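Structural description and commentary
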Amino acid sequence: MRRRPVALVAVALLGVGLAGCSGPPAAPAGRPAPDSPPRATTPGPRVPAGKAPTDSFAVGVRQLKLNRDGDRPLPVTLWYPATGTAGGPAERSARAATGRFPVVLFSHGLGARPEDYEVLLTRWAAAGFVVAAPRFPHTGRGGDGNPLDVLNQPADVSYVLTRVLALGEAAGDPLRGRLDPERVAATGHSAGGVTTIGLFTTGRDERLDAGIVFAGTALGVGTAFAGAAAPQMFVHGEADEVVSYAAGKAVFDAVPWPKAMLSLPKGDHGRALLGDGKALRVVADTTVEFLRWTLYGDPAAKKRLPADATRGNLATLDDRL
């Protein structure tokens, strides 16, 4: 995707104060929901039916130093299934587990870092996914905080995906033979949610089979979802003080593919992703089942998803998968 002229969307993004975990409040309510939901174009994921791992893996972690076009440094944190005892902290340079694992891209919020989301992302890795999370040059912690650069981030993520998948073919790399390039999802929180939506709209990456948007909005990237059907899950707190629940729901309503929306009645903009409480466990369990279904093609995971989503009465699920 080409870098879009930021001037075209400056008024829109600055007007709402697009923010990540700690940014200022101010997102618009969004357009009203349509009278009836759009029809799904396919009854399920496009990956072949299969069975996801049921046992938890130990988790390894490593760092990649990437740079797109020489002026966009993109350090990437990789969490991956590893050998060893499951349940402990992620171990640096641990030996990768045997198997070919789906790849999940994660984009952080404004002013955040990939490691801020480590509890959730290591949960995904322990379930059998390789998680790649770049730190963006302008919207990551330590950057200049320019929200307009979000429009360049879908291309960053596509670049990261290309480089990460190359590891699976690189002689001598610890992940050689461990990555499945036919099973890939994009996910992200807040500004990273905008980035993720952009990967299915203006910057559609056809390698993506599914997406998860946490507290995201379509400002700057639109809702013209394109390409092959890719199931989507939206996770949004109804008390979100930064990106309104209505704004996230409006994007969800525009998705023409199989989709689900996990709503947290007491959820704010990011606590359920950044802590380690009951709400995070509901989010983690529900998103793991969604990824198992969409990337492993596991029908049993889809059946478990509603129960995980509503456990403890902390969330509700609008299930159109």
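Here, every reference points to the structure presented above.
Summary of the structure given here. Note that this is a predicted model, so its numbers are computed, not measured. Every chain begins its residue count from 1, and numbering advances along the sequence as written. Totals for whole chains, interfaces and linings use all residues, but because this is a predicted model, local features are given only for residues with pLDDT of at least 70 and pairs of side-chain atoms are given and counted only at 80 or more. Side-chain numbers come from the whole structure's heavy atoms, not from hydrogens or water.

Re the overall build of the protein chain
- Labels follow the DSSP assignment, with helices taken as runs of H or I lasting at least four residues and strands as runs of E lasting at least two, numbered in each case from the N terminus. Within the protein chain one finds eight helices and ten strands.
- Out of the 321 residues in the protein chain, the part that is buried amounts to 56%.
- Contacts were defined at the residue level, with two residues in contact if any of their heavy atoms lie within 4.5 Å. Contacts spanning at least 24 positions in sequence make up 73% of the contacts within the protein chain whose residues lie at least 6 apart.
- Shrake-Rupley sampling with a 1.4 Å probe provides the accessible areas, and residues are treated as covered by the protein chains on show and by no other component. When the accessible surface of the protein chain is split by element, carbon and sulfur atoms take 53% of a total near 12,700 Å². Any residue under 20% of the maximum accessible area for its type is buried, any over 50% is exposed, and the rest in between are partly exposed; the area is computed with a 1.4 Å probe on protein chains only.

Some thoughts on the sheet that holds strand β2 (residues 72–82)
- One bridge is not enough; two strands pair if DSSP finds at least two bridges between them. Read across the open sheet, the ten strands follow the order β3-β1-β2-β5-β4-β6-β7-β8-β9-β10; overall the sheet is mixed. Two strands in the sheet have a free side with no partner beyond their single neighbour: β3 (91–92) and β10 (316–320).
- Bridge count between strand β9 (residues 259–264) and β10: five bridges; the pairing is antiparallel. Along β10, the bridge assignment pairs Met 261 with Asp 318.
- Where helix α4 (residues 191–198) meets the sheet, its contacts fall on β4 (101–107), β6 (179–189) and β7 (210–214), and the angle it forms with β6 comes to roughly 135°. The angle between two axes is taken between their N-to-C directions and runs from 0 to 180 degrees, where each axis is a line fitted to C-alpha atoms and a helix contributes only its stretch in contact.

Remarks on helix α7 (residues 278–296)
- The span expected for a helix works out to 1.5 Å for each residue beyond the first. For α7, with 19 residues, the first-to-last C-alpha span of 26 Å sits near the 27 Å given by 1.5 Å per residue.
- With its phi angle positive at about 70°, Gly 297 sits one or two positions after the end of α7.

Looking at the environment of Val 160
- Checked against the element boundaries, Val 160 lands in helix α3 (residues 153–167).
- Relative accessible area serves as the criterion here: at 0%, Val 160 is assigned to the buried category.
- Residues Val 160 and Val 76, spaced 84 residues apart in sequence, show a C-alpha to C-alpha distance of 8.0 Å.
- If we skip the residues at most four places from it in the chain, Val 160 touches Leu 66, Leu 74, Val 76, Leu 105 and Pro 134.

Quick notes on the pattern of salt bridges
- We define a salt bridge as a contact between a side-chain nitrogen of Lys or Arg and a carboxyl oxygen of Asp or Glu at a distance within 4 Å. Going through the model one piece at a time under the given rule, you end up with 20 salt bridges.
- Linking Lys 249 and Asp 253 is a salt bridge whose minimum nitrogen-to-oxygen distance equals 2.9 Å. With Lys 249 and Asp 253 both in helix α5 (residues 245–254) and four residues apart, this pair spans about one turn of that helix.
- Between Glu 289 and Arg 304 there is a salt bridge, and its shortest N-O distance comes to 2.8 Å. Taken as a pair, Glu 289 in helix α7 and Arg 304 in helix α8 (residues 299–310) lie far apart in primary sequence, 15 residues in all.
- By relative accessible area, Glu 289 is classed as buried at 5%.
- The exposure class assigned to Arg 304 is partly exposed, which follows from its relative accessible area of 33%.
- Among the charged side chains, a network of salt bridges with common partners joins Arg 68, Asp 69, Arg 72, Asp 149 and Asp 156.

Things to note about the packing of aromatic side chains
- In summary, the pairing rule links any two rings of Phe, Tyr or Trp, Trp by its six-membered ring, whose centres are within 6.5 Å, and it sorts them by plane angle into stacked for under 30 degrees, edge-to-face for over 60 and tilted for everything else. Under the defined criterion, the tally for this structure stands at nine aromatic pairs.
- Ring plane angle 85° and centroid distance 5.4 Å describe the contact between Phe 57 and Phe 101, whose orientation is recorded as edge-to-face. Residue Phe 57 is located in the loop between α1 (10–16) and β1 (58–68), and its partner Phe 101 is located in strand β4; the two are separated by 44 residues in the primary sequence. Across the pair, Phe 101 and Phe 57 agree in class, each one buried.
- Grouping aromatic residues by their ring pairs yields a cluster made of Phe 106, Tyr 117, Trp 124 and Phe 214.
- A ring is considered to have a charge above it if a Lys NZ or an Arg CZ atom is located within 6 Å of its centre and within 35 degrees of its normal. Here Lys 259 stacks its cationic end above the ring of Phe 252, 4.8 Å away from the centre of that ring.

Considering the environment of Gly 142
- For Gly 142, the location among the structural elements is in the loop between β5 (130–134) and α3.
- Given the relative accessible area of 78%, Gly 142 is considered exposed.

So, unusual backbone geometry
- Although it is not a glycine, Ser 93 adopts a positive phi angle of roughly 60°.
- Following the sequence through the fold, Ser 93 ends up in the loop between β3 and β4.
- What makes Ser 93 exposed here is its relative accessible area of 65%.
- Its identity is not glycine, yet Ala 215 carries a phi of approximately 50°, on the positive side.
- Locating Ala 215 in the fold gives a position in the loop between β7 and β8 (232–237).

What to know about the packing of α7 against α8
- For the pair α7 and α8, interaxial distance at closest approach is 8 Å and the crossing angle is 160°. On the basis of the axis angle, α7 is roughly antiparallel to α8. The element α7 and its partner α8 pack so that their crossing is left-handed. For the pair α7 and α8, the contacting residues are Val 282, Asp 285, Thr 286, Glu 289, Phe 290, Arg 292 and Trp 293 in the first and Pro 299, Ala 301, Lys 302, Arg 304, Leu 305, Asp 308 and Ala 309 in the second.
- Under this grouping Gly is polar, as are all residues other than the nonpolar Ala, Val, Leu, Ile, Met, Phe, Trp, Tyr, Cys and Pro and the charged Asp, Glu, Lys and Arg. In the contact of α7 with α8, the residues fall into seven nonpolar, one polar and six charged. Each angle is binned into one of four classes, with values under 35 degrees roughly parallel, values over 145 roughly antiparallel, values of 65 to 115 roughly perpendicular, and all other values oblique. Handedness of each helix crossing follows the sense of rotation of the near helix against the far helix: counterclockwise by less than a right angle gives left-handed, clockwise gives right-handed.

Considering the packing of helix α2 (residues 118–126) against α7
- Closest axis-to-axis distance for the α2/α7 pair is 10 Å, and the angle between their directions is 35°. Note that α2 runs across α7; the crossing there is right-handed. Residues Val 119, Leu 120, Arg 123 and Trp 124 of α2 form the contact with α7, whose own contacting residues are Leu 280, Ala 284, Asp 285, Thr 287, Val 288 and Leu 291.
- Of the residues that constitute the contact of α2 with α7, the class distribution is seven nonpolar, one polar and two charged.

Function cannot be read off these values alone, since they describe shape.
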